[in-house]
Each structure stands twice: as structure tokens, then as C-alpha cells.
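An overview of the molecular structure
So you can see what is in the structure, the chains are spelled out below.
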Amino acid sequence: MASVTLENIDKVYPGGVKAVDNVSLEIKDKEFMVLVGPSGCGKSTSLRMVAGLEEITKGTIRIGDRVVNDVAPKDRDIAMVFQNYALYPHMTVYKNMAFGLKLRKYPKEEIDRRVRDAAGILGIENLLDRKPKALSGGQRQRVAVGRAIVRKPQVFLFDEPLSNLDAKLRVQMRVEISKLHARLQSTMIYVTHDQVEAMTMGDRICVMKDGIIQQVDEPIQLYDHPVNKFVAGFIGMPPMNFIEGALAEEGGKLFFDEGNFRISIPDDKAAKLREANLTGGQITVGIRPEDIHDPSERNDAADHAEISARVEIIEPMGAELYLYLTTGKTPFVARVQPHAEAEVDGLKALLVDLSKIHFFDPKTEAALT
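To keep things clear, this report deals only with the structure shown in the data block. These numbers were taken from a predicted model, which means no experiment stands behind them. (Residues numbered from 1 in each chain as written. Predicted model: local features only at pLDDT ≥ 70, side-chain atom pairs only at ≥ 80, totals over all residues. Heavy atoms only, no water.)

With that settled, the discussion passes to the nonpolar core. Core analysis: the largest hydrophobic core is formed by 47 residues, its most contacted members being Met 97, Val 115, Phe 158, Tyr 190 and Val 207. Grouped together as the second largest cluster of nonpolar side chains are 30 residues, Ile 263, Ala 270, Val 311 and Leu 354 included. (Core = buried A, V, L, I, M, F, W, Y, C linked by side-chain atoms within 4.5 Å. Buried < 20%, exposed > 50% of the residue type's maximum accessible area, 1.4 Å probe, protein only.)

This next bit is on the sheet that holds strand β7 (residues 155–159). The 6 strands lie next to each other as β6-β7-β8-β3-β9-β10, forming an open sheet whose pairing is mixed. Whereas interior strands pair on both sides, the edge strands pair on one side only; in this sheet they are β6 (78–81) and β10 (212–217). Neighbouring strand axes in the sheet, compared pairwise and without regard to direction, differ in orientation by 15° on average. Across 5 bridges, the pairing between strand β3 (residues 32–36) and strand β8 (residues 187–192) is parallel. (Pairing = 2+ DSSP bridges. Helix = DSSP H or I, 4+ residues; strand = E, 2+ residues; numbered from the N terminus. Axes fitted to C-alpha atoms, helices over the stretch in contact; angles between N-to-C directions.)

One open sheet holds the 4 strands; their spatial order is β2-β1-β4-β5, and the pairing between them is antiparallel. Each of the sheet's edge strands pairs with one partner strand only, and the pair in question is β2 (17–27) and β5 (66–67). Note: strand β1 (residues 4–13) against β2, 7 bridges, orientation antiparallel. Opposite Thr 5, over in β2, you have Glu 26 as the bridge partner. The strands touched by helix α1 (residues 43–51) within the sheet are β1, β2 and β4 (58–63), with β1 carrying the most contacts at an inclination of about 115°. (Contact = heavy atoms within 4.5 Å.)

In this section: the layout of surface pockets. Approximately 520 Å³ is the volume found for the largest pocket. Considering the residues around the largest pocket, the lining is formed by 20 residues, among which Met 80, Phe 82, Arg 104, Arg 147 and Arg 151 are closest to the centre. Of all the secondary-structure elements, those providing two or more residues to the lining of the largest pocket are β6, α2 (93–103) and α4 (137–149). For the lining of the largest pocket, the leading source of residues is α2, giving 5 residues. Here the residues of the lining of the largest pocket are counted per class, giving 14 nonpolar, 2 polar and 4 charged. Residue lining of the second largest pocket: 17 residues in total, with Asp 224, His 225, Lys 269, Ile 357 and His 358 positioned closest to the centre. Elements with a contribution of two residues or more to the lining of the second largest pocket: α7 (219–224), α9 (267–275) and β20 (358–360). (1 Å grid on protein atoms, 1.4 Å probe; cavity = no way out; pocket = protein on both sides within 12 Å on 5 of 7 lines; lining within 4 Å. Points joined across faces, edges and corners; volume = space filled by probe spheres on them. Nonpolar A, V, L, I, M, F, W, Y, C, P; charged D, E, K, R; others polar.)

Take the pattern of salt bridges next. One pass over the structure, following the stated rule, counts 22 salt bridges. Residue Glu 31 is joined to Arg 204 by a salt bridge in which the shortest nitrogen-to-oxygen separation is 2.5 Å. In this pair, Glu 31 is assigned in the loop between β2 and β3 and Arg 204 in strand β9 (residues 204–209), connecting sequence segments 173 residues apart. In this structure Glu 31 comes out as buried when scored by relative accessible area, which is 6%. Given a relative accessible area of 18%, Arg 204 falls into the buried group. Of the charged contacts in the structure, one is a salt bridge between Lys 179 and Glu 176, with a shortest N-O distance of 3.9 Å. Note that Lys 179 and Glu 176 are positioned in helix α5 (residues 167–184) at a spacing of 3 residues, about one turn of the helix. (Salt bridge = Lys/Arg side-chain N within 4 Å of Asp/Glu carboxyl O.)

Along the chain, Phe 359 falls in strand β20. Sequence separation between Phe 359 and Val 81 is 278 residues, and the spatial gap between their C-alpha atoms is 40 Å. Beyond its immediate chain neighbours, meaning those up to four positions away, Phe 359 contacts Ile 265, Lys 269, Leu 273, Ile 283, Thr 284, Val 285, Ala 366, Ala 367, Leu 368 and Thr 369.

This brings us to the pairing of β3. The buried count for β3 comes to 5 of 5 residues, which makes it a mostly enclosed element. Across 4 bridges, the pairing between β3 and β9 is parallel. Each bridged residue has a counterpart across the sheet, and for Leu 35 the counterpart in β9 is Cys 206.

Close contact between α2 and α4 brings their axes to 8 Å; oriented N to C, the two are set at 30°. Classified by the angle their axes make, α2 and α4 are roughly parallel. Both α2 and α4 take part in a crossing whose hand is right-handed. In this structure, α2 uses Val 93, Asn 96 and Met 97 to contact α4, whose residues at the interface are Val 143, Gly 146 and Arg 147. (Parallel < 35°, antiparallel > 145°, perpendicular 65-115°, else oblique. Left-handed = near helix turned anticlockwise from the far one by under 90°.)

On to empty space enclosed by the protein, then. All chains considered together, the criterion is met by 1 cavity of 30 Å³ or more. By volume, the largest cavity is sized at about 60 Å³. Around the largest cavity, the lining residues are Leu 6, Val 23, Leu 25, Ile 27, Leu 35, Ser 46, Leu 47, Val 50, Ile 189 and Met 208. Secondary structure elements with two or more residues in the lining of the largest cavity: β2 and α1. Of the residues assigned to the lining of the largest cavity, the class counts are 9 nonpolar, 1 polar and no charged.

Here it is as C-alpha cells:
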């Protein structure tokens, strides 16, 4: 296996469209790195440049110690799994998995051993004589993964491989690919627009926007310590609530005033906001839906601030309840226990966990605490 290093990579398309902007990223040997972001953020283009399917406008890509800028895709020792499976419809599963090895003139016995080993790992031994049209979407994706496994490449590349599957099958395949990584101990780069896939699968996650890397970190660090408003809003489901308001100093305490409610800011966070010289100005507060609680859920509300809002929509999710609320000025979402009392158009008292609130500069959108 091998590390993958991107150094100051640019990709500019005809007409001056910059898809990837000065991207530098190191994927460690045996690491599962997820590239995540909205459509058009440059994640698939970055992956395709590693694969050699897109030319690099500027920069250097290394696989292990070898610069591969001018190396043909077939000589990079990588294997790629595509969104649309890319199976040959006229070939059986066995022949689809064996095809790449046959092109490389592997002995027949070695091809058979590798195909059957990969089929055993993926649980598709009974499908080897079928053609793709006789397979379900999940089975086709397993075959596509198996075709990559038999190559025993230095690096596996996955380009949104689960996006054509239904919700239940996506969860199942997510687990299968994670188990596969643990078993093969291989370097994997995985592209997705689904932040749930990113959070559950990646050793580290690279969040991209407009061709620029926003943050690279472990999943829990991205969740707890986003570097800016974009990362904070992209990671987490439902997304983080953003509330505009003013910082006011009163009696030695710092308060956030939304207009319809006011909360006291904990001393440690207040000290950082004072250091940034933001008192008396506008600021954006971020509160995750799961950090807004029904009063019945808290025995000790000492570290919470009470707010009141009108309920607009109630979404029962089984294990929890999503409340869509408004203060009259700001809409936000709370994720509470399934039996919390609430009525549409009724006022609802809620508790905000003050230790979990985030602050963002309203101009630069950078995280402040």
C-alpha cells in the first residue's frame, strides 16, 4: 500500500473555470480518507486527477514516493469504483472481475484464485455465473468493488459508489466497505456528497467548497470544532442552526441578544469574544439541534439558557422528534425526545446547552471560539 500526496493542485477548465484551487492534502498509508462537499466543490475532479482521468493544470501528485503527473492511469497501481458500476453487460460476474487481470497477462490459476477470494470476501460466490442485468443494484456494486479488489492495488478510489442505491442498501454497503478497509488494511480515498457517509466511514474527512479545502480532520473534531460556518452547517444532521444577534456587555457579563430572546455567554467563551474585540457588535451564534432540549429531559438546567419559540412543524422520527420553530425573527430546529410535549402553533419552552454553542464572525464566517 502507499500514501497519496497532493501538492498545490489546480484544475482549470477551458473558459477559465477553476474546479480545484491550490489543493494540498496528504493521505496516509492505510488511511480511509473521505472527500466531502456539495455538488461542484471539486471533490470528484480531485479524485479523477489522482486516478489520471483528468489532467492536472498545476501541482504535483505522488503515490508513495513516485510522482505520477505524467503516468498513465493503468500504470498508477490504483483501482477505481464508479458511481454507475461500469460493468460489461455481456460478461458474467466472473469475467467482469477477471478482465483487468487477463489484460495484464496474469496466469489463469492466479486469476481464478483472486476472483474467488474476492467473491468470498464480498459474499457473491453464488453470482459468478450471472450477468449484470440479472443482479440488483447492491450486487452490482459488490461486483464493481470485487473487480477492484482482485487488482490488489496500492490505492482504492471510490467515486460516490452508493449514490444509486436505496437508503437501506446504502447503510448496508457503507458497513461492508468499512469492514473491507479494516480487512484489507489498504489506502482508500472515498468521494461523497453525503455527510453521514463521511462521518461514519472516514478516518479523516476533507471538507471542500468551491474547489478549496475548508478543513481536514477526524470526524468528531469536525463536528465539535468546525473552523468556519460552512463546515459547521455541512457536518451534522439536521444542520446546525445559525442565529444572528448582538453582543451586549452588562454588569460584567456578556450576553447574546437575538431580539426576542437573550442568553448569557459562559465566561470561557466570553473571554475569547472580548479578545476578538467583538463586544457591542453583531455576531452569528451556531446551535446544533441536539443541543436544544425539552425541559423534561434535564434534571439540572444550571448550564442551560431557557428560550421560548413558536412550533411550526413537528416531525416524529421514531427515536426522536424534530421541532421546527421560530422566534418570529429566526427559524431553527430542535431535536428532542420522542415524547416531548409540543403543539403546532403553540409556544414551546426549550433549554439551550450553553457549553455547546458556537460563535462565527458575521463577515468572514470564521469560528471564533
